[in-house]
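Spelled out, the chains give:
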Amino acid sequence: MRSRLLVLLAAAAVSLGRPAAAQSSRFVVVVNAANPTQTLPTKEVSRIFRKDVTRWSDGSAIQPVELPSDAPARAEFTQRVHGKPVQAMVAFWQQQIFSGRAVPPLERKNDAEVVEYVRSHPGAIGYVTAGTSLPADVKTVAVQ
Amino acid sequence: MRKPLLTAALLATAAWTIPVRAQQIDLSDKIRLNGYSNFEFEYMPSKAGRGDGNASFDAQEFDLVFNIIPTDRLRVNADMRWEHGVATEDSRGNAAISHAFAEYTVRDALRLRAGKILLPFGIYNEIHTAKPAIFLYKEPFAVYKTEKLGGVRRFQPRSGAGLEALGSGGLGGVDADYTVLVVNGETTGKKDPFEEDDNRAKSLTARFRVHPASWVMLGTSYYHDQLTEFDATGKDTGRRTRQSSYVQSLELSPGPVLVQGEWARGNVTPSSAPGTDMEGWYAVASVMLLDRYRPYVELQHFDPSRKLANDEVRIVSPGVNLRMDGGLYLKFQVDKYHSLPANTRFKGVDYTELTAAVAVAF
């Protein structure tokens, strides 16, 4: 009985901590149309937004951009991609900043500003609320 | 003559300023300014004990953190700190550059730093001043501030001047990161260790961490240094005291739960006297409720000398961290100290201290 309970607790812990595949979401991941990337694994997107990965395959700099911490799309992006709530990532970035290890991705006020940033920066990657109108020089990337 | 000159000057000024106002420059990806402040309160209700019986307020610190990013590979970082309401006129408080370095990214797996750098030892040394980034009232003393618990030295210094190599990447499908730091180390004489070493031996700090899942972190850190032994006239005897420490770290964060634990061992051995073996550990369990309230309980244990009996200290600390708004946090913690008679600081006197803090990150 005790071991069953332990197994159940462990399974619950794993399912709570695991990021889900970022499909059928209220957000879409976007890059500049000049970027050849078509798909990205969820784990790679997480590494990019944690700045563990800072270069595209051609060696150019990745410039991640985020929505504000109270944006619903950010809450869903953070849970699905990082497997954590927004506040956990806010705490993560406070530790990164104050230890001197890294600076967080830039924040833009809304979907339109994220789209504009991605449009004007060839190395940028961001996410916006699903259904946001995208210009021809910004495209979505499938996250698997 | 004077009027046309004035008009021309005004027009020239207008022509100069109008285009600049219309074309604002966004420097947010080149310059970042962050910071934090921390205000504390401590009160020991009992008469006996090492706590604060006067119920003191402490304007503990104000920090500014600068990041200047000239290129996508180069970053300059500096943290300026003012502690305890610094007033140099009255020789009160403390002002310091907590860390300041230049970092060049060769690739994600190799970044190089030079400057004054916080030692990458365990979970908390690099953020020990950044109280808003610590949900506890303070970093666990049993590993990070052992002199407050009767230890002869800390397991490691806070920072050093030197060179660091660090990076992150995948290791067999598992996220991992490492850092290796070589600095002057501690000086035991009058020399400023951030300017000049007092011996040729450099201190070495290394840390390796793996993340088998997004909610699991396992880490190990090592520190080694040689300290100069001086004679009564202040002359280097050529003999060295050796210091080595290591800490094993574990962090589990499934969903709203956060569990941390670290276990440290250290050894300080003078050239002509028996060494001191220290041991400290702590464990913390907490849960985030309603995305705002984090109650927790912390248990700490420190043994200043493993060869000496009856000198251990144990601290049990229940507390709660409240996230009020944005980066504003309120903390309440009760520290129950229990020590054995041979402990040089507490001498077996048990007591309780009530603490509270207002911490802000921006």
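What counts, and at which threshold
- Residues numbered from 1 in each chain as written.
- Chains lettered and ligands numbered in written order.
- Predicted model: local features only at pLDDT ≥ 70, side-chain atom pairs only at ≥ 80, totals over all residues.
- Helix = DSSP H or I, 4+ residues; strand = E, 2+ residues; numbered from the N terminus.
- Contact = placed C-beta atoms within 7 Å.
- Nonpolar A, V, L, I, M, F, W, Y, C, P; charged D, E, K, R; others polar.
- Core = buried A, V, L, I, M, F, W, Y, C linked by C-beta atoms within 7 Å.
- Buried ≥ 20, exposed ≤ 12 C-beta atoms within 10 Å, placed from the backbone.
- Pairing = 2+ DSSP bridges.

Let's talk about the overall build of chain A
Thinking step 1. Check the secondary structure of chain A and you find 5 helices and 6 strands.
Thinking step 2. In sequence order, chain A lays out its α and β elements as α-β-β-α-β-α-α-β-α-β-β.
Thinking step 3. In chain A, once contacts between residues fewer than 6 apart in sequence are set aside, the share between residues at least 24 apart is 68%.

Digging into the interface of chain B and chain A
Thinking step 1. Listed per partner, the contact involves 30 residues of chain B and 24 residues of chain A.
Thinking step 2. Counting only elements with at least two residues in the side of chain B that touches chain A, the list comes to strand S1 (31–43), strand S2 (56–68), strand S3 (74–87) and strand S4 (92–107) of chain B.
Thinking step 3. Here the element with the most residues in the side of chain B that touches chain A is S1 of chain B; it accounts for 3 residues.
Thinking step 4. Of the residues assigned to the side of chain B that touches chain A, the class counts are 11 nonpolar, 10 polar and 9 charged.

Examining the nonpolar core
One broad rule of soluble globular proteins: the nonpolar side chains tend to lie buried together.
Thinking step 1. In terms of nonpolar packing, the biggest core is built from 48 residues, with Phe98 of chain A together with Ala133, Ile134 and Val143 of chain B touching the most fellow members.
Thinking step 2. The residues touching alanine 133 of chain B, leaving out its near neighbours within four places in the chain, are Ala91, Gln94, Gln95 and Phe98 of chain A together with Ile127 and Ala361 of chain B.
Thinking step 3. Leu40, Ala73, Val115 and Val118 of chain A belong to the second-largest nonpolar core, a separate cluster that totals 26 residues.

Notes on the sheet that holds strand S2 (residues 39–40) of chain A
Think of a sheet as strands paired side by side through backbone hydrogen bonds, with each pair either parallel or antiparallel.
Thinking step 1. Spatial strand order, S2-S6-S1-S5-S3-S4 (chain A): 6 strands in an open sheet with mixed pairing. The sheet terminates laterally at S2 and strand S4 (106–107) of chain A, the two strands that pair on one side only.

Regarding the environment of tyrosine 127 of chain A
All names here are of chain A.
Thinking step 1. Summarising the element assignment, tyrosine 127 is placed in strand S5 (residues 124–129).
Thinking step 2. Using a count of 31 C-beta atoms within 10 Å as the deciding quantity, one classes tyrosine 127 as buried.
Thinking step 3. Tyrosine 127 sits 86 residues away from proline 41 along the chain, and the two C-alpha atoms are 15 Å apart.

A few points about the environment of alanine 176 of chain B
All names here are of chain B.
Thinking step 1. Turning to its location among the elements, alanine 176 is positioned in strand S7 (residues 174–183).
Thinking step 2. Residues alanine 176 and glutamate 147, spaced 29 residues apart in sequence, show a C-alpha to C-alpha distance of 32 Å.
Thinking step 3. Residue contacts for alanine 176: discarding those within four places in its chain leaves Ser168, Gly169, Leu171, Arg209 and Val210.

By themselves these figures say nothing about function.
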